[in-house]
Amino acid sequence: MTVELNHTIVAAHDKKASARFLADVLGLEVSPPYGPFIPVQIPNGVTLDYMDADDPITPQHYAFLVSEDDFDAVFARIQAAGLTYWADPSHRRVNEINRNDGGRGTYFDDPNGHNLEILTRPYGSGDESA
């Protein structure tokens, strides 16, 4: 059996601005609108479909596995944008990155309060003492 995540809907106060935010930070493109959605396709084929929400938004967590070089580029864009970032999902270690599993990672919020993460090593893949 083959199962792959194809897309997920991301609630937003302004779908165009939210899709542009993610695309700009990750160095991706915003795709043309599709129905009520503004998609951002991730290189592994998964699409985040931004949709305007009238109700309060419940923050979700979206983690992006990136290469070491891509981490440097994305992290530079996070810093250039003046975004606050954290080493942990609870937002206790402000303006730090983590070194989980011998890689690097950091968390930052999008304009809707969604908790975004970039990491260079999947959890459980390496040395926890690093």
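Residues numbered from 1 in each chain as written. Predicted model: local features only at pLDDT ≥ 70, side-chain atom pairs only at ≥ 80, totals over all residues. Heavy atoms only, no water.

A. Up close: a negative patch on the surface. Taken together, Asp14, Asp52, Asp54 and Asp55 make up a surface patch of like negative charges. The residue Asp14 is located in the loop between strand S1 (7-12) and helix H1 (15-26) in this model. Asp14 gets classed as partly exposed once you look at its relative accessible area, which sits at 40%. (Patch = residues over 30% accessible without salt bridge, like charges linked within 9 Å, V, L, I, M, F, W, Y side chains within 5 Å. Areas by Shrake-Rupley, 256 points an atom, 1.4 Å probe, with all protein chains shown as cover. Salt bridge = Lys/Arg side-chain N within 4 Å of Asp/Glu carboxyl O. Lys, Arg positive; Asp, Glu negative; His and termini not counted. Charge placed at Lys NZ, Arg CZ, Asp CG, Glu CD. Helix = DSSP H or I, 4+ residues; strand = E, 2+ residues; numbered from the N terminus. Buried < 20%, exposed > 50% of the residue type's maximum accessible area, 1.4 Å probe, protein only.)

B. Structural detail: the pairing of strand S3 (residues 47-52). Where S1 and S3 come together, 6 bridges link them in parallel fashion. From the neighbouring strand, Val10 faces S3, where its bridge partner is Tyr50. Where strand S2 (residues 38-41) lies against S3, 4 bridges are found, and the strand directions are antiparallel. Bridge pairing in S3 links Gln41 to Thr47. Linkage of S2 to S3, two consecutive antiparallel strands, is achieved through a turn of 5 residues, within which Gly45 is found at a positive phi near 100 degrees. (Pairing = 2+ DSSP bridges.)

C. Examining the nonpolar core more closely. Core analysis: the biggest nonpolar cluster contains 27 residues, and Leu48, Tyr50, Phe64, Phe108 and Ile118 have the highest contact counts within it. For this core, the secondary structure elements donating two or more residues are S1, H1, S2, S3, strand S4 (61-65), helix H2 (68-80) and strand S7 (115-119). Considering every element that reaches this core, the biggest residue donor is H1, with 6 residues. Not counting chain neighbours up to four residues away, the residues in contact with Leu48 comprise Thr8, Val10, Leu22, Ile38, Pro39, Val40, Ile42, Tyr62 and Phe64. (Core = buried A, V, L, I, M, F, W, Y, C linked by side-chain atoms within 4.5 Å. Contact = heavy atoms within 4.5 Å.)

D. Representation of the UniProt feature "domain: VOC" (unreviewed entry) in the protein in the model. Annotation from UniProt places "domain: VOC" (unreviewed entry) at residues 4-121. Structurally, residues 4-121 is divided into 21% helix and 28% strand, and its ends, taken at the C-alpha atoms, are 20 Å apart. (UniProt positions renumbered as here; feature names shortened; annotations may be inferred.)

E. Looking closely at the packing of aromatic side chains. Under the counting rule described, the total for this entry stands at 2 aromatic pairs. Taken together, a centroid distance of 5.7 Å and an interplanar angle of 20 degrees make the contact between Phe71 and Phe75 stacked. One end of the pair, Phe71, and the other, Phe75, are both in helix H2, 4 residues apart, so they sit about a helical turn from each other. Residue classification places Phe75 among the buried residues on the basis of a relative accessible area of 15%. Arranged with centres 4.9 Å apart and planes meeting at 80 degrees, the rings of Phe75 and Tyr85 form a pair that is edge-to-face. (Phe/Tyr/Trp six-rings, centres within 6.5 Å; stacked < 30°, edge-to-face > 60°.)

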